[in-house]
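# Structure assessment
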Amino acid sequence: MDAVRKIEDQGDGAPQVAEAPDASSALGGYTAPALVHDWLPVYAGAERVLEQMIHALPDASIYSLIDYIPEEQRGFLQGKPVHTSFIQSMPFSKQLYRYYLPFAPFAIEQFDLREHDVVVSSSYAVAKGLLTRSDQLHVSYVHSPMRYAWDLYHDYLEQSNLTRGVRGFMARALMHYMRLYDSTSASRVDVYVANSQYVARRIWKTYRRRAHVVYPPVDVDAFALQTDKEDYYLTMARLVPYKRVDLIVEAFAAMPDKELIVIGSGPELDSLKEQAGPNVTLLGYQPDEAVQYYMQHARAFVYAAEEDFGIAPVEAQACGTPVIAYGRGGVLETVVPGQTGLLYAQQTAAHIADAVSCFESDEARFEPAQIRAHAEQFGPDRFRSTFSTLIDTAYDAFQTKAPWDVSDALASSL
């Protein structure tokens, strides 16, 4: 296919991170804070948020249940040591750390954080359950409540073939235990922060607590504006069931005159290859420079997942590339219908095909420069500034107001 080509002479493709601003004035009179993260197996989405938290709080000490970040990916930790739990020393914990989930609530409570006036947890599992004193401020940035234990519980059991038998009973019992722990530990947090309004609503549903929204940082500078587009559509995701890449492939199989490129690897790769027609090319995993090229030159970026936030659609918009996405989840907060993309109402191949047709009938209205300008509000500098202000404001309120009034004071001053 014309759109599939070797990427050459694109540079090393390494994302450039701006120098951290001087944060000495952002310490607000408190001692060096603690940053507590669930797991550190690889450098992925949640770790990119942690990276910017470290920039915002450069004196922070780092804690995590495990730390197996490969040496070539450790730069985001800025040379800081990571204090780990006893799970780090458990047999085969590098490969099987998820199997130690039953021990995670106990392990997170063993971190001694008494020297820190401010504790920030970066949580999608158990980090928010750490123990603090009444005079310590605990701010929890919740990427999401544990979806496999709450709203995706039945999907998780079904997809993992755990709906019956002894293994199924044990899995259901474990999830029941995790829900009890998750609900109980919710009261240990003074201020909740969510990565989208969508997740803030889930926090309210799960914990009955208000959450302030700070959108996660997207490295928009790594995805330069490109006004000259080519005649192919792009999707990029981990090839796992909930991403629904199969629906996108099915939709384009019914539109043989339109070209689709799929970037990503995962357990569904082989089945998608069998499903794909001659107009669909699955490239598998691609390095950063290739991802950037295809994002920049795509006619539009197609997305079918219901995400908490959705970084890939923002990266596409940073390139000036319109987004065609399923209108549920965090994408409602990142895509402006009619200006930066189109949203379709139902998660089906037919609705994707209809959305592509609608896009092509009015394609001229999407201005790459305007799309890029919208994406810039999700950059890392904005995250650092907003997050630093939130911590300082919360700490000031924590010193002068009743603990139960801190979140309300924060809402009125941010």
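Below you will find a few notes about this structure. The shown structure was predicted, so the numbers you read here are calculated from the model rather than taken from an experiment. All residue numbers here refer to positions counted from 1 along the written sequence of the relevant chain. With the structure being a predicted model, the display of local features is reserved for residues of pLDDT at least 70 and the display and counting of side-chain atom pairs for 80 or more, all residues being used for whole-chain, interface and lining totals. In computing side-chain values, all of the structure's heavy atoms are included and hydrogens and water are not.

Our focus in this paragraph is the overall build of the protein. Secondary structure counts use DSSP, requiring at least four H or I residues in a row for a helix and at least two E residues in a row for a strand, with both numbered from the N terminus. Within the protein, the secondary structure is distributed over 14 helices and 13 strands. For a compact globule the rule gives 2.2 Å times the number of residues to the power 0.38, and the radius of gyration it is set against comes from C-alpha atoms. At 22 Å, the protein has a C-alpha radius of gyration in line with the 22 Å of a compact globule built from 414 residues. Along the first, second and third principal axes, the C-alpha set of the protein runs to 65 × 55 × 40 Å. Burial status across the protein gives 55% buried among its 414 residues. Considering only contacts in the protein between residues 6 or more positions apart, those separated by 24 or more positions represent 65%. All accessible-area figures derive from a Shrake-Rupley calculation using a 1.4 Å probe, and residue coverage is judged against the displayed protein chains alone. Total accessible area on the protein is roughly 18,600 Å²; 51% of this is exposed by carbon and sulfur atoms. Taking the average place of the 35 positive charges on the side chains of the protein and the average place of its 53 negative ones, the gap between the two points comes to 8 Å. Each residue is assigned to one of three classes by its accessible area relative to the maximum for its type, calculated with a 1.4 Å probe on protein chains only: buried under 20%, partly exposed between the two thresholds, exposed over 50%. Residue contacts follow a heavy-atom distance rule, with two residues in contact if any of their heavy atoms lie within 4.5 Å. Positive charges come from Lys and Arg alone, negative charges from Asp and Glu alone, with His and the N- and C-terminal ends not counted. Positions of charges follow a simple convention, taking NZ of Lys, CZ of Arg, CG of Asp or CD of Glu.

With that settled, consider the environment of His-83. You can see His-83 is positioned in strand β3 (residues 82-84). According to the relative accessible area criterion, His-83 is partly exposed, its value standing at 37%. Between the alpha carbons of His-83 and Ser-61 there is a distance of 8.1 Å; along the sequence they are 22 residues apart.

Patches in this entry comprise residues that are over 30% relatively accessible and not in a salt bridge; like charges within 9 Å are linked, as are nonpolar side chains (Val, Leu, Ile, Met, Phe, Trp, Tyr) within 5 Å. Each salt bridge in this description consists of a side-chain nitrogen of Lys or Arg and a carboxyl oxygen of Asp or Glu lying within 4 Å of one another. A contiguous nonpolar surface patch, about 280 Å² in accessible area, is contributed by Phe-86, Phe-103 and Phe-106. Along the chain, the position of Phe-103 falls in the loop between α2 (93-96) and α3 (104-108).

Moving on, we get to the packing of helix α7 (residues 245-253) against helix α11 (residues 349-361). To obtain an axis, a line is fitted to C-alpha atoms, over the contacting stretch when the element is a helix, and the angle between two such axes runs from 0 to 180 degrees between their N-to-C directions. Look at α7 against α11: their axes get within 8 Å of each other, and the N-to-C directions meet at 60°. With respect to α11, the element α7 is oriented oblique. Judged by the sense of rotation from one axis to the other, the crossing of α7 with α11 is right-handed. Facing α7, whose interface residues are Leu-247, Ile-248, Glu-250, Ala-251 and Phe-252, α11 presents Ala-349, Ile-352, Ala-353 and Val-356. Each residue is assigned to one class: nonpolar for Ala, Val, Leu, Ile, Met, Phe, Trp, Tyr, Cys and Pro, charged for Asp, Glu, Lys and Arg, and polar for all the others, Gly among them. Tallied by class, residues from the contact of α7 with α11 come to 8 nonpolar, no polar and 1 charged. Any angle from 65 to 115 degrees is called roughly perpendicular, while one under 35 is roughly parallel, one over 145 is roughly antiparallel, and all others are oblique. Helix crossings get a hand from a simple test, with the near helix turned counterclockwise from the far one by less than a right angle marking a left-handed crossing and a clockwise turn marking a right-handed one.

Strand pairing in a sheet relies on backbone hydrogen bonds, with the paired strands running either antiparallel or parallel. By definition, two strands form a pair when at least two bridges between them are found by DSSP. Sheet architecture is open: 7 strands sit in the order β3-β2-β1-β4-β5-β6-β7, paired in parallel fashion. The sheet is open, and its two borders are formed by β3 and β7 (211-213), each paired with just one other strand. Across the sheet, the mean angle separating the axes of adjacent strands is 25° when strand polarity is ignored. Here 3 bridges tie strand β6 (residues 191-194) to β7, and the two strands are oriented parallel to one another. Bridge pairing in β7 places Ala-194 opposite Val-213.

Turning our attention to unusual backbone geometry. Phi is positive for Arg-208, close to 55°, though the residue is something other than glycine. Assignment of secondary structure puts Arg-208 in the loop between α6 (197-207) and β7. One non-glycine residue with positive phi stands out, namely Arg-244, at about 55°.

Our focus in this paragraph is the nonpolar core. Residues belong to one nonpolar core when they are buried, are Ala, Val, Leu, Ile, Met, Phe, Trp, Tyr or Cys, and are joined through side-chain atoms within 4.5 Å. In this structure, Leu-35 and Phe-387 are the most contacted members of the largest nonpolar core, which totals 34 residues. When contributions to this core are tallied by element, the ones reaching two or more residues are α1 (45-56), β4 (118-123), β5 (137-142), β6, α13 (380-400) and α14 (406-413). For this core, the leading source of residues is α13, giving 8 residues. Filtering out sequence-adjacent residues up to four positions away, Phe-387 remains in contact with Met-53, Ala-56, Leu-57, Val-120 and Tyr-141. One finds Ile-248, Leu-282, Ala-300 and Ala-355 within the second-largest nonpolar core, a separate group that totals 32 residues.

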